[in-house]
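Secondary and tertiary structure notes
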Amino acid sequence: MADLILRGGSVVDGTGAATFEADVAVEGDRINAVGELSGLSAEREIDASGLTVSPGFIDTHAHSDGVLLRDAVHAHGLVQGVTTEFITQDGLSYALLTEENLDLYGRYIAGLYGPPPVGLDVSTMAAFRSHYEGKGCNVAVQAPHGPVRLESVGFEDVPLEGEGLNRAARIVAQAMEQGATGFSTGLSYYPNSFSNTNELVALNSVVAQYDGVYVTHIRNHNNERAPEGSGIVEAMNIGRRSGVKVHISHYRTFPGNAGDLDSIMAEVDQAKSDGVDVTLECYPYAAAATVPGYFLRGECHVGGVDRLLERLGDSAWRERLVDSLENLFPGRSDSATWTWIGAEHLKHLEGVSFADAARMLELSVSEMTLKVMRESGLHCGFRDGMPASASVVRQMEADVMALLSRDDYMVGSDGIPFDEGVPHPRAYGTFPRIVGRLRRRTGVSLEHLVRGMTSLPASRFGLTDRGVVAEGKFADLVVFDADTVTDTADFNDPRTPPAGIPYVLVNGQVAVDGGKPTGALAGRSVP
Ligand SMILES: [Zn+2]
């Protein structure tokens with residue numbers, strides 16, 4: 001007798017193989033049989049006829065570091081079929097920080113994660129990972145570049161070399177020994193962007209020794225530090241020089257190059273033909289989301305959060321700050337919208353575009369942005385506006401699906417979930433949007449898409465016995481209706497749950513039942 005049987009479903013097993021009809025039996029935390037199981041009974045039987053049964057989805061890029069510590073159930077990921085999330089992305093996280101640096105960096109990255117937990121021991125990767133045991137989903141991590149730099153040379157614009165580099169390399173090695181799947185950076189964020197290519201080659205040589213993965217949001221700050229001034233060339237060179245496996249975060253076209261996949265993939269394909277081991281990921285929306293510090297040049301960040309806040313209020317810095325906002329990403333900020341602001345007196349600006357917020361406060365867009373950053377203590381985030389033309393949006397979505405048709409592409413939501421404000425819908429709809437709405441529109445094979453969400457990331461990042469529906473594997477499973485599954489979250493109403501995903505299992509426990517989260521906390525710190 002099994003604990004549970006999913007009866008009569010169409011199994012998409014995660015390997016890319018053709019769909020087959022089978023029962024799937026679960027005992028404890030594992031799948032104990034797949035096939036014609038009419039002779040086997042179970043404590044609970046779920047009729048999966050007419051439905052697809054696949055491995056639980058793996059989100060390779062989730063900014064859930066903060067929200068998972070406040071809300072263990074993590075319903076918004078589970079209801080999409082996500083059973084494992086990779087946090088610590090873009091080199092921005094709490095991991096590996098001493099108490100003092102947790103206070104400093106926690107405030108610096110609060111626009112992404114909310115206020116940091118107080119008194120949490122995150123000083124080693126083992127300690128950090130222990131806080132993510134027993135959540136709704138499984139959680140995997142990388143050693144984040146920002147904390148590694150902070151702990152070795154502080155928040156300074158200096159290259160890591162000599163003793164500083166040795167210290168950083170030791171931190172990375174210890175993190176790999178304690179369960180990190182690799183090393184992550186975001187080279188538009190600080191202090192990460194104070195690095196140069198040599199530093200990244202040196203640290204990734206350590207990662208390569210542990211067979212880990214270099215996960216990178218490629219450089220678009222301090223580009224003169226990259227070979228040919230190009231973030232993607234730099235990433236490929238790091239793979240060539242260190243031998244590390246490279247994984248490019250949220251890599252897709254933009255409104256300016258929509259439809260021209262060659263413009264983003266030529267360098268990658270050249271490197272791959274030279275023997276660099278590269279995988280990539282993307283999310284299916286034509287607009288991004290981040291924190292406004294993204295618009296500020298390195299000089300504004302030197303010294304860390306308190307120095308930055310001082311500069312935001314210092315008239316001697318005003319011109320440089322405004323110049324940075326207006327020149328780093330010209331035109332981008334006017335169409336942006338505040339997603340979340342952690343200051344009571346500015347809450348009314350959540351969901352308001354930068355242009356409207358500026359009018360309301362009778363300031364320029366730049367002055368308004370600086371005021372919100374300063375008065376919220378950097379507790380603020382925004383999302384970009386969608387392109388005005390539906391044809392551009394649809395082309396960018398077609399590009400995403402073409403990228404996901406490749407053998408080397410995974411799905412990372414880049415979700416920044418917040419239980420208040422007006423967040424980007426990608427945290428609430430990415431997986432059903434791809435496997436439902438966009439698959440049906442573009443005709444990309446379901447088996448191939450599921451592979452990119454399951455066995456491909458599991459094998460890439462060394463998640464043992466996950467990502468495949470087969471006897472003996474962990475019972476991370478999602479049951480969905482391939483004909484109707486879809487996202488419902490949009491930019492006006494971003495937190496609505498998807499439709500067509502009745503059941504999700506995490507380590508054999510029913511985490512979503514009839515489309516509703518059960519509250520089960522069966523997730524583990526993996527691998
Ligand atoms: Zn990100």
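Now for a quick tour of the structure. (Residues numbered from 1 in each chain as written. Predicted model: local features only at pLDDT ≥ 70, side-chain atom pairs only at ≥ 80, totals over all residues.)

1. So, the overall build of the protein
Selection rule: For helices the rule is a DSSP run of H or I covering at least 4 residues; for strands it is a run of E covering at least 2, with both sets numbered from the N terminus onward. In this treatment the radius of gyration is a C-alpha quantity, and the globule benchmark scales as 2.2 Å times the residue count to the 0.38 power. Whether a residue is buried, exposed or partly exposed is read from the other C-beta atoms within 10 Å of its own C-beta, which are placed from the backbone; 20 or more gives buried, 12 or fewer gives exposed, and intermediate counts give partly exposed. A residue pair is marked as a contact if its C-beta atoms, positioned from the backbone, fall within 7 Å.
Scanning the protein from N- to C-terminus turns up 19 helices and 21 strands. Compactness check: the protein gives a C-alpha radius of gyration of 22 Å against a globular reference of 24 Å for 527 residues, within 12% of the reference. Over its C-alpha atoms, taken along the principal directions, the protein stretches across nearly 80 × 50 × 45 Å. Within the protein, buried positions represent 54% of all 527 residues. The contacts of the protein with a sequence gap of at least 6 include a subset with a gap of at least 24, amounting to 75%.

2. What about the sheet that holds strand β15 (residues 337-341)?
Selection criterion: Two strands qualify as a pair provided DSSP detects at least 2 bridges between them.
Across the sheet, three strands lie side by side as β14-β16-β15; this open sheet has antiparallel pairing. One side of each edge strand has no neighbouring strand; the edge strands of this open sheet are β14 (289-290) and β15.

3. Remarks on the sheet that holds strand β11 (residues 213-217)
Operational definition: Interaxial angles span 0 to 180 degrees and are taken between N-to-C directions of axes, which are lines fitted to C-alpha atoms, for helices over the stretch in contact.
Spatial ordering of the open sheet is given by β9-β10-β11-β12-β13-β17, a layout of six strands whose pairing is parallel. Every other strand in the sheet has two partners, leaving β9 (143-144) and β17 (409-411) as the edge strands with one partner each. Summarising the sheet, strand β12 (residues 245-248) and strand β13 (residues 278-282) pair through three bridges and their orientation is parallel. When the sheet's bridge partners are listed, His-247 is paired in β13 with Thr-279. Contacting β10 (182-186) and β11, helix α8 (residues 197-209) runs over the sheet at an angle of about 150° to β10.

4. Comments concerning the packing of helix α14 (residues 354-361) against helix α15 (residues 365-375)
Where we set the bar: Angle categories are assigned with fixed cut-offs, so that under 35 degrees is roughly parallel, over 145 is roughly antiparallel, 65 to 115 is roughly perpendicular, and the rest are oblique. Here the nonpolar group is Ala, Val, Leu, Ile, Met, Phe, Trp, Tyr, Cys and Pro; Asp, Glu, Lys and Arg are the charged ones; every other residue, Gly included, is treated as polar.
Remark: α14 packs on α15, axes separated minimally by 8 Å, with the N-to-C direction vectors making an angle of 85°. As the angle between them shows, α14 and α15 are arranged roughly perpendicular. For the pair α14 and α15, the contacting residues are Phe-354, Ala-355, Ala-357, Ala-358 and Leu-361 in the first and Val-365, Met-368, Thr-369 and Lys-371 in the second. Looking at the contact of α14 with α15 residue by residue, the classes come out as seven nonpolar, one polar and one charged.

5. Structural notes on the environment of Glu-99
The topology assignment puts Glu-99 in helix α3 (residues 99-108). Considering only alpha carbons, one finds Glu-99 and Gly-119, 20 residues apart in sequence, at a separation of 7.1 Å.

6. Examining helix α18 (residues 446-453)
Of the residues making up α18, those classed as buried are Leu-449, Val-450, Arg-451, Gly-452 and Met-453. Residues of α18 that are buried in the fold lie against β5 (52-55), β6 (57-59), α16 (390-404), β17, α17 (426-442) and α19 (455-460).

7. Some details on the packing of α17 against α18
To keep things clear, this is the line we draw: Note on convention: near helix rotated counterclockwise from far helix by under a right angle means a left-handed crossing. Clockwise means right-handed.
Interaxial distance between α17 and α18 falls to 11 Å at its minimum, and their mutual angle equals 165°. Classified by the interaxial angle, the pair formed by α17 and α18 is roughly antiparallel. Judged by the twist between their axes, the crossing of α17 over α18 is right-handed. On the side of α17, the interface is formed by Phe-431, Ile-434, Val-435 and Arg-439, while α18 contributes Leu-446, Leu-449 and Met-453. A per-class count over the contact of α17 with α18 returns six nonpolar, no polar and one charged.

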